[in-house]
Amino acid sequence: MSGNDRKTVMIEFSKPDKFKVLSGNAIRVSHYRKARNFKELIGLIRVAEQKMTDHGVTDILDRISMLRGIYYGTPWSMDFLKEKSTTRNNGFQIFTASMMPADPRPALGQELFAALQNSAEVKDGSRSLDVGHTIIGLQARASFTSRSVPLPTGGTGLETSTWLGDIGGGAGMLAYKRISNPKMRAKTLFTNEHDYGASVNLEGDVAGYLIASETPPFTGPCDLAFKNKPSLADALTAYLDAGSDLWKNRAGYFLSMNSATFDASGAITNKDAVMKSIAGKIEIFAVPYITVRLKDNHALTSNIIFSILRHVPGIATEISKIFVEALLDNHKHKGSTIVGTSDPNPSDPAHTKADNSVIDKIFDTIDGLFKN
């Protein structure tokens, strides 16, 4: 594509309360700020792609990698600024089957970098999107290993980067909290605004599976398909079109990618099997997740791990039910928000006998994956 044919945008913040996305042959910027809606988000990403291209980053997968590093897995990422965890950084490279991304700040400049980082979650009316989850999901999808090969922590790298990291991590945290509050409900993981099963997270997870996807039907996660969408901004625009097939049917397509089958009326035919599969992955992931968090916070003891192990199996089943039913509700009521509303009763803890070999196995798994 020649320079004259390339579609670019001009974003202008000439006043604090103004944001204009205009067509044009050049990019002119006064100031950048946090995106307040999807149009502004797409404008920021389009400018970022152009700046990276002008800086010599011509491969779209390299641009996605650099954008991912704004949010996860680098010393300059949003996640590291909050968590200060090199273990988590190492994990994100493993989950995406990639190296640490290049620093985008020389290409973007600090102001655009900050605007993108501050746009990690974007709301647009009743709709919302976790941008970081979306982009790390896209990078994970680009790797056959990441989207296809299970890890010892319960799921593939793609699953762990997206929905399993969210709701599986929530399961681990809930198991820890149930040690002192056995009646704490799993639904609380889905009713907060930002963490674990929050609607904005689930929307970002699903988007990571579907943006720049192949033509349905889907039988599993597919590689990125940018042939007809030459930029991430274009692919994001297509997906976020409220009238598009991908947006309206996103929950059903995502379920199909996770082994769900549907009859001619659109009703799921194997709900129990899907929930059981997802619960199994949550159960495996939850313990290493909470172990790493407690270890980083110097709050880890063998007694705590034994107590967590007793709570995790029941919690995994509860969370799987809420997650799958949230997706099915969106599949039935197309255009609605993906939000967990089911409220299963808390499960009784399992009668698990303390076994130091189990603790040793957990630490071996963590050390094998995340050692520096």
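Small disclaimer: the values here were computed from a predicted structure and weren't measured. Every residue gets a number counted from 1 within its own chain, in the order that chain's sequence is written. Residue-level local features of this predicted model are given only where pLDDT is at least 70; pairs of side-chain atoms are given and counted only at 80 or more, and the full residue set underlies all totals for whole chains, interfaces and linings. In computing side-chain values, all of the structure's heavy atoms are included and hydrogens and water are not.

K.L.:
Describe the nonpolar core, with residues and values.
P.N.:
In summary, soluble globular proteins display a tendency toward joint burial of nonpolar side chains. Definition of nonpolar core: a set of buried residues of the types Ala, Val, Leu, Ile, Met, Phe, Trp, Tyr and Cys, connected through side-chain atoms within 4.5 Å. Only protein chains enter the calculation, and the probe is 1.4 Å; a residue is then buried if its accessible area is under 20% of its type maximum, exposed if over 50%, and partly exposed in between. The biggest cluster of nonpolar side chains holds 99 residues, and the ones touching the most others in it are Leu-116, Leu-210, Tyr-239, Ile-319 and Phe-323. Secondary structure elements follow DSSP: runs of H or I no shorter than four residues count as helices, runs of E no shorter than two count as strands, and numbering proceeds from the N terminus. The element best represented in this core is helix 17 (residues 302-332), accounting for 14 residues. In contact with Phe-323, other than residues within four places in its own chain, are Trp-163, Ile-167, Phe-190, Leu-202, Phe-254 and Ile-278. In this description, contact between two residues means that some pair of their heavy atoms is separated by no more than 4.5 Å.

K.L.:
Requested: an account of the packing of helix 4 (residues 86-96) against helix 7 (residues 131-141), with residues and values cited.
P.N.:
Under this scheme, a helix contributes an axis fitted over its contacting stretch, all axes are lines through C-alpha atoms, and angles between N-to-C directions fall in the 0 to 180 degree range. Where helix 4 meets helix 7, the axes come as close as 8 Å, and the angle between the chain directions of the two elements is 45°. Taken together, the axes of helix 4 and helix 7 lie oblique to each other. Of the residues in helix 7, those touching helix 4 at Phe-92, Phe-95 and Thr-96 are Ile-136, Gln-139 and Ala-140. In this classification, Asp, Glu, Lys and Arg are treated as charged, Ala, Val, Leu, Ile, Met, Phe, Trp, Tyr, Cys and Pro as nonpolar, and every other residue, Gly included, as polar. The residue inventory of the contact of helix 4 with helix 7, partitioned by class, reads four nonpolar, two polar and no charged. Angles are sorted into four bins: roughly parallel if under 35 degrees, roughly antiparallel if over 145, roughly perpendicular if 65 to 115, and oblique for all others.

K.L.:
Tell me about the environment of Leu-232, and please be specific about residues and values.
P.N.:
Relative to the helices and strands, Leu-232 is located in helix 13 (residues 232-240). Given a relative accessible area of 2%, Leu-232 falls into the buried group. Separated by 94 residues in the primary sequence, Leu-232 and Leu-138 have C-alpha atoms spaced 9.8 Å apart. The contacts of Leu-232, once residues within four sequence positions are left out, are Ile-45, Glu-49, Ile-60, Ile-64, Leu-67, Leu-138 and Phe-226.

K.L.:
If you had to explain the packing of helix 1 (residues 38-54) against helix 2 (residues 60-71) to someone new, which residues and values would you point to?
P.N.:
Put simply, helix 1 and helix 2 touch, their axes get as near as 10 Å, and they point 115° apart. Once helix 1 is placed against helix 2, the crossing between them reads as right-handed. Taken together, the residues of helix 2 that come into contact with helix 1 (itself represented by Ala-48, Glu-49, Met-52 and Thr-53) are Ile-60, Arg-63, Met-66 and Leu-67. The class makeup of the residues in the contact of helix 1 with helix 2 is five nonpolar, one polar and two charged. Two helices that cross are described as forming a left-handed crossing if the nearer one is turned anticlockwise from the farther one by less than a right angle, and a right-handed crossing if clockwise.

K.L.:
Give me the lowdown on helix 16 (residues 271-296), citing residues and values where you can.
P.N.:
An α-helix turns once every 3.6 residues. As a result, residues three or four positions apart point the same way. Expected span of a helix, by definition, is 1.5 Å for each gap between consecutive residues, and there is one gap fewer than residues. The end-to-end C-alpha separation of helix 16 is 37 Å, in line with the 38 Å expected for 26 residues at 1.5 Å each. In helix 16, a bend of some 30° at Phe-285 exceeds every other bend along the element, and Pro-288, a proline, comes one to four places later. With its phi angle positive at about 55°, His-298 sits one or two positions after the end of helix 16. Fitting axes to the seven residues ending at a residue and to the seven starting there, one defines the bend at that residue as the angle between these axes.

K.L.:
Residues and numbers for the pattern of salt bridges, please.
P.N.:
Here, a salt bridge means any Lys or Arg side-chain nitrogen found within 4 Å of an Asp or Glu carboxyl oxygen. Following the criterion strictly, the structure yields 13 salt bridges and no others. Residue Arg-178 pairs with Glu-318 through a salt bridge whose shortest N-O separation is 2.8 Å. Here Arg-178, found in helix 10 (residues 163-178), pairs with Glu-318, found in helix 17; they are 140 residues apart in sequence, far enough to count as distant. The two residues Arg-178 and Glu-318 agree in class, both being buried. A salt bridge links Glu-203 to Arg-250; the nearest nitrogen and oxygen atoms lie 2.8 Å apart. With Glu-203 in helix 12 (residues 199-210) and Arg-250 in helix 15 (residues 250-257), the pair connects residues that are 47 residues apart, well separated along the chain. Relative accessible area serves as the criterion here: at 2%, Glu-203 is assigned to the buried category. Among the residues examined, Arg-250 registers a relative accessible area of 0% and is labelled buried.

K.L.:
Outline the environment of Gly-314, listing residues and values.
P.N.:
Tracing the chain through its elements places Gly-314 in helix 17. The sequence separation of Gly-314 and Ala-171 amounts to 143 residues, and the corresponding C-alpha distance is 9.6 Å.

K.L.:
Would you mind going over the pairing of strand 3 (residues 121-124) in detail, with residue names and values included?
P.N.:
At least two bridges found by DSSP between two strands are what make those strands a pair. Taken together, the four bridges between strand 3 and strand 4 (residues 127-130) define a ladder with antiparallel strand orientation. What sits directly across from Glu-121, in strand 4, is Asp-130. In this structure, the hairpin formed by strand 3 and strand 4 is closed by a connection of two residues, where Gly-125 is found at a positive phi of approximately 65°.

K.L.:
Talk me through the confidence of the model for the protein chain; I want residue IDs and the actual numbers.
P.N.:
On a scale of 0 to 100, pLDDT captures the predictor's confidence in every residue. Averaged over the protein chain, the pLDDT score is 88; the fraction of residues at 70 or greater is 86%. Here residues 1-29 is modelled with pLDDT under 50, and outside its nearest four sequence neighbours on either side it reaches 53 contacts, counting other chains as well.

K.L.:
So what about unusual backbone geometry? Which residues, and what values?
P.N.:
In this structure, Pro-217 follows Pro-216 across a cis peptide bond, with omega equal to 10°. Mapped onto the fold, Pro-217 is located in the loop between helix 12 and helix 13. The backbone phi angle of Ala-97 is positive, close to 50°, even though this residue is not glycine. Among the structural elements, Ala-97 can be located in the loop between helix 4 and helix 5 (105-108).

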